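Survey of secondary and tertiary structure
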Amino acid sequence: MDNQQTFYLKSWHFLSAILLFTLLMGILTGKDVRNIPLLMEEDSLLTELNEIDFDKEGTTFLYFYRKDSELCQKMRYNIEQLDAKNLQGVHFYAMDIEENMDYFYKYNISGIPNLLIFNGDTEAKRVMGIVSTGNLEKIVERTK
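Summarised in this report is the structure supplied together with it. In this text the structure is predicted, and so the values were computed from the model without any measurement. (Residues numbered from 1 in each chain as written. Predicted model: local features only at pLDDT ≥ 70, side-chain atom pairs only at ≥ 80, totals over all residues. Heavy atoms only, no water.)

**Here's the deal with the overall build of the protein**
Counting secondary structure elements, the protein contains four helices and five strands. Along the protein, from the amino end to the carboxyl end, the secondary structure elements read α-β-β-α-β-α-β-β-α. Within the span of the protein, comprising 144 residues, buried residues form 34% of the whole. In the protein, once contacts between residues fewer than 6 apart in sequence are set aside, the share between residues at least 24 apart is 74%. As displayed, the protein has an accessible area near 10,100 Å², and 52% of this comes from carbon and sulfur atoms. (Helix = DSSP H or I, 4+ residues; strand = E, 2+ residues; numbered from the N terminus. Buried < 20%, exposed > 50% of the residue type's maximum accessible area, 1.4 Å probe, protein only. Contact = heavy atoms within 4.5 Å. Areas by Shrake-Rupley, 256 points an atom, 1.4 Å probe, with all protein chains shown as cover.)

Structure (structure tokens):
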């Protein structure tokens, strides 16, 4: 006689697994973000814009942010850590989305922080979220 037992998954098993996964991902991904200090307003690599009028030549980084967002402040800190000597011919601009909603919709920004990279007046790349300074340096080198 075969004594096989069948195990059925119930909805609470799936909910528990999703909750555990979400909790672990929050702990693992949030750890890096918490270690980034907030930027203090000083000499800034980023120039604030209220209107966009790019040159036809050169590389332009346009950083969309919200003033009251801690994630945006941390991404801005990472941008400010870039070595200015390696940024010849690259322009960095920042735009607050709450003050410039037209551009938020024009460039179809889906979340912040968001960094758009233009070659001339053509969008070449889009970077969302917080990116480390090392990765930003690599992005700058590839887009020059």
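**Quick look at the pattern of salt bridges**
Here the structure, examined in full by the defined rule, presents seven salt bridges. The salt bridge partner of R76 is E80, with a shortest N-O separation of 3.9 Å. Note that R76 and E80 are positioned in helix α2 (residues 70–80) at a spacing of four residues, about one turn of the helix. Here the two residues R76 and E80 agree in accessibility, since each one is buried. The network of salt bridges with common partners includes E48, R76 and E80. (Salt bridge = Lys/Arg side-chain N within 4 Å of Asp/Glu carboxyl O.)

**Looking at the nonpolar core**
Side chains of a nonpolar character, in soluble globular proteins, are inclined to be buried together. In this structure, F61, Y63, I79, F92 and L115 are the most contacted members of the largest nonpolar core, which totals 19 residues. Leaving out residues up to four positions away in the same chain, L115 has contacts with F61, L62, Y63, M75, I79, K125, R126, V127 and L136. Counting residues in each nonpolar core, the second largest holds twelve residues, with L49, L62, Y103 and F104 among its members. (Core = buried A, V, L, I, M, F, W, Y, C linked by side-chain atoms within 4.5 Å.)

**Some points on the packing of aromatic side chains**
Here a ring pair, both rings aromatic, is described through the centre-centre distance and the interplanar angle of the planes. Tallied over the entire structure, the rule returns six aromatic pairs. Consider the rings of Y103 and Y107, whose centres lie 6.5 Å apart with planes at 15°: the pair is stacked. Given a relative accessible area of 16%, Y103 falls into the buried group. Classification of Y107 by relative accessible area gives buried; the value is 13%. Among the aromatic residues, those joined into a ring-pair cluster are F64, Y103, Y107 and F118. Over the aromatic face of Y65 sits the side chain of R76, whose NZ or CZ is 5.3 Å from the ring centroid. (Phe/Tyr/Trp six-rings, centres within 6.5 Å; stacked < 30°, edge-to-face > 60°. Lys NZ or Arg CZ within 6 Å of the ring centre and 35° of its normal.)

**Things to note about the environment of Y93**
Inspection of the secondary structure assignment puts Y93 in strand β3 (residues 90–96). Taking the relative accessible area as the measure of exposure, Y93 reaches 21% and is therefore partly exposed. Separated by 44 residues in the primary sequence, Y93 and L49 have C-alpha atoms spaced 6.5 Å apart.

**Some points on the sheet that holds strand β4 (residues 114–119)**
The strand order across the open sheet formed by five strands is β1-β3-β2-β4-β5, and the pairing between neighbours is mixed. Two strands bound the open sheet, and with one partner strand each, they are β1 (47–48) and β5 (122–128). The pairing of strand β2 (residues 59–65) with β4 spans six bridges and is classified as antiparallel. Directly across from T60, in β4, lies its bridge partner F118. Across the sheet, α2 lies against β1, β2, β3 and β4, angled at about 155° from β2, the strand it touches most. (Pairing = 2+ DSSP bridges. Axes fitted to C-alpha atoms, helices over the stretch in contact; angles between N-to-C directions.)

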